[in-house]
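Report on the structure
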Amino acid sequence: MKSNATTNLQNAKIAVIGLGYVGLPLAHAFSKQYKVVGFDIAKWRIDELRGGHDRTLELSDTQVQEAIDNGMEFTNKLEDIADCNVYIVTVPTPIDEHKRPDLTPLIKASESIGKVLKQGDIVIYESTVYPGATEEECVPVLEKVSGLKFNEDFFCGYSPERINPGDKEHTVTKILKVTSGSTPEIGKIVDDLYASVITAGTHLAPSIKVAEAAKVIENSQRDINIAFVNELAIIFNKLGIDTEAVLEAAGTKWNFLPFRPGLVGGHCIGVDPYYLTHKAQEVGHNPEIILAGRRLNDNMGIYVANQVVKLMIKKGQKIEGAKVLVLGITFKENCPDIRNSRVIDVIRELEEFGTDVDVYDPWADPKEVKHEYGLDLLPHPEGAYDAIVLAVAHDKFDDLDLTKLKHGDNTVIYDIKSKLKESDGKL
């Protein structure tokens with residue numbers, strides 16, 4: 001093979017492209033052993049990190065400063081990553097309004113790297129994609145912009161991210177990493193690179209496509225399992241059976257999977273299945289089970305709002321103008337990430353019924369919520385509400401005294417996450 005790729009890891013200088021929930025913790029981990037430059041197109045993000053703070057809270061201020069002390073640089077200028085020889089892409093891979101893959105961030109990142117790509121460099125993608133996307137979509141962009149030839153002049157790898165936002169136990173170095181390369185030799189180099197910082201170990205997949213497929217089915221599997229228990233919750237609600245009690249009883253069997261009903265949002269589980277179904281349909285297969293799970297989970301917010309309104313009507317409440325408090329807007333508990341939060345579906349449907357909805361979330365950034373959803377967050381909840389919806393199970397909600405927020409005994413308490421001891425309704 002005509003490879004002159006960097007085989008001596010001690011000489012590796014790594015550029016991490018995209019400093020969000022995935023990229024920043026990864027850059028921090030690599031900075032302990034390598035020269036690292038963190039690149040992001042958002043100047044405000046670079047300024048923030050240079051100032052020693054990470055608003056995603058994936059890294060503490062101490063950890064950000066540790067990375068700086070290790071020599072890590074933050075930049076939004078391409079010339080600052082021109083002397084790197086390993087480029088790791090961790091940009092978002094969202095879907096568009098038609099639920100089709102939107103590879104725009106990935107293509108733009110590839111164009112940027114192509115402008116500084118050199119002989120022997122390795123480009124590793126971590127963003128979740130459908131099988132084949134790296135070699136079919138990204139590599140041609142790298143070749144066109146750089147003028148270099150794939151697998152002769154430069155090489156690629158794929159190592160899917162497995163970050164769980166807000167999880168301080170399963171951090172990046174403690175999650176086993178799948179790796180791959182565009183040639184067997186490059187696969188080994190990519191694997192060795194990650195193995196040098198991932199204490200949980202690595203798994204070298206035989207090809208980039210296998211690694212891409214492995215990632216996209218991880219979240220598709222979770223999505224289908226959650227859809228199943230969401231459907232059970234709907235059925236058991238009609239039967240007057242407590243879903244949580246059923247799952248607790250069934251969970252006494254050793255091989256029963258411990259999934260719970262809920263809203264499925266975020267940048268992974270609520271998005272990734274559409275990448276797989278897109279590719280499946282492209283090759284002529286209609287993925288019925290995956291799409292059925294997506295449809296059910298996408299409609300759970302509307303279902304919740306309808307259940308809340310039904311409970312309010314049963315208590316004789318007037319729906320038009322009723323005051324409703326929604327607790328939580330992030331896509332999961334104890335995390336500031338509001339991307340693709342399905343709580344907004346509950347809010348919008350309640351507003352459609354004519355209710356006056358307030359939202360309180362001590363984890364979310366008010367400016368981000370205003371920009372993303374057009375909502376003004378309450379600085380703290382007060383007053384009397386006709387209905388209270390616990391949408392996200394933040395630990396900070398444990399200290400809330402809901403009795404002080406109720407508008408008498410007729411107030412409906414709806415607990416999506418089965419966090420409260422007593423409620424009028426729950427999934």
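Below is a summary of the structure that appears in this document. Predicted model, so just to flag it, every value in this text is computed and none were measured.

**As for the overall build of the protein**
On a plain count of helices and strands, the protein comes out with 13 helices and 13 strands. Taking 2.2 N^0.38 as the reference for a compact globule, 427 residues should give roughly 22 Å; the C-alpha atoms of the protein span a radius of gyration of 23 Å, in line with that estimate. On the principal axes, the C-alpha backbone points of the protein span a range of 75 × 50 × 40 Å. When each of the 427 residues of the protein is scored for burial, the buried share is 54%. Per element, the accessible surface of the protein, about 19,300 Å² overall, is 51% carbon and sulfur.

**Overview of the pairing of strand β12 (residues 412-415)**
Across the two faces of β12 the burial is the same, with V412 and Y414 and I413 and D415 all buried. Here strand β11 (residues 387-390) runs beside β12; their pairing, made up of four bridges, is parallel. Paired with L390 across the two strands is D415, which belongs to β12. Here β12 runs beside strand β13 (residues 425-426); their pairing, made up of two bridges, is parallel. Across the sheet, the residue bridging to Y414 is G425, located in β13.

**Digging into the pattern of salt bridges**
This structure, assessed with the given rule, holds 29 salt bridges. For D365, the salt bridge goes to R55, with nearest N and O atoms at 3.8 Å. In this pair, D365 sits in the loop between β10 (356-360) and α13 (366-373) while R55 sits in the loop between α2 (43-50) and α3 (61-69), placing the two residues 310 residues apart along the sequence. What makes D365 partly exposed here is its relative accessible area of 25%. Judged by its relative accessible area of 33%, R55 is partly exposed. Ionic pairing is found between K370 and D376, a salt bridge with its closest N-O pair at 3.3 Å.

**Looking at the pairing of strand β5 (residues 122-125)**
Burial along β5 is two-sided: the residues I122 and I124 and V123 and Y125 are all buried. As defined by bridge partners, strand β4 (residues 86-89) adjoins β5 across four bridges and the pair is classed as parallel. Bridging from a neighbouring strand, V89 pairs with Y125 of β5. The sheet contact formed by β5 and strand β6 (residues 155-158) spans four bridges and is parallel. Looking at the pairing, Y125 lines up with Y158 of β6. With helix α5 (residues 133-146) bridging β5 and its parallel neighbour β6, the resulting β-α-β unit is right-handed.

**Considerations on the state of the cysteines**
Under the definition given, this model contains zero disulfides. Here C84 is not cross-linked by a disulfide; its sulfur's nearest cysteine counterpart is in C156, at 16 Å. Note on C138: no disulfide assigned, nearest cysteine sulfur contributed by C156 at a separation of 7.8 Å.

**Observations regarding the sheet that holds strand β9 (residues 323-327)**
Reading across from one edge, β10-β9-β11-β12-β13 is the order of the five strands in this open sheet, with parallel pairing throughout. Every interior strand has two partners, whereas the edge strands, β10 and β13, have only one. Strand direction decides the pairing type here: β9 and β11, joined by four bridges, are parallel. The partner of V324 across the bridge, within β11, is A387. In the packing of helix α11 (residues 300-314) onto the sheet, contacts are made with β9, β11, β12 and β13, and the angle to β12 comes to roughly 155°.

**Overview of the environment of N230**
The residue N230 is located in helix α7 (residues 208-239) in this model. Residues N230 and R260, spaced 30 residues apart in sequence, show a C-alpha to C-alpha distance of 7.7 Å. With residues up to four places along the chain from it excluded, the contact list for N230 reads P261, G262, V264, L296, N297, M300 and L427. For N230, the side chain forms a polar contact with the side chain of N297, separated by 2.8 Å.

How each quantity is defined
- Here the residue numbering is sequential within each chain, running from 1 through the sequence in written order.
- Two thresholds apply to this predicted model, a pLDDT of at least 70 for residue-level local features and 80 or more for giving and counting side-chain atom pairs, whereas whole-chain, interface and lining totals are computed over all residues.
- Hydrogens and water molecules were not included; the side-chain quantities draw on all heavy atoms of the structure.
- Each helix is a run of DSSP H or I of at least 4 residues and each strand a run of E of at least 2, with the numbering of both proceeding from the N terminus.
- Computation of the radius of gyration draws on C-alpha atoms alone. For the globule rule, the value is 2.2 Å times the number of residues to the power 0.38.
- Burial classification: accessible surface area is computed with a 1.4 Å probe over protein chains only, and a residue below 20% of its type maximum counts as buried, one above 50% as exposed, and the rest as partly exposed.
- In this description, accessible areas are obtained by the Shrake-Rupley approach with a 1.4 Å probe, and a residue is regarded as covered only by the protein chains that are shown.
- In this analysis, strands are considered paired if DSSP registers two or more bridges between them.
- Salt bridges, as used here, are contacts in which a Lys or Arg side-chain nitrogen is within 4 Å of a carboxyl oxygen on Asp or Glu.
- Seen with the strands pointing away from the viewer, any crossover whose path from the first strand over the helix to the second strand runs clockwise is right-handed.
- Cysteine sulfur atoms that pair up within 2.5 Å are treated as a disulfide.
- Contacts were defined at the residue level, with two residues in contact if any of their heavy atoms lie within 4.5 Å.
- Angles run from 0 to 180 degrees between N-to-C directions of axes, and those axes are lines fitted to C-alpha atoms, restricted for helices to the stretch in contact.
- Here a polar contact means two N or O atoms within 3.5 Å. Within protein one must be a hydrogen donor candidate and the other an acceptor candidate, and residues neighboring in sequence count only if both atoms are side-chain atoms.

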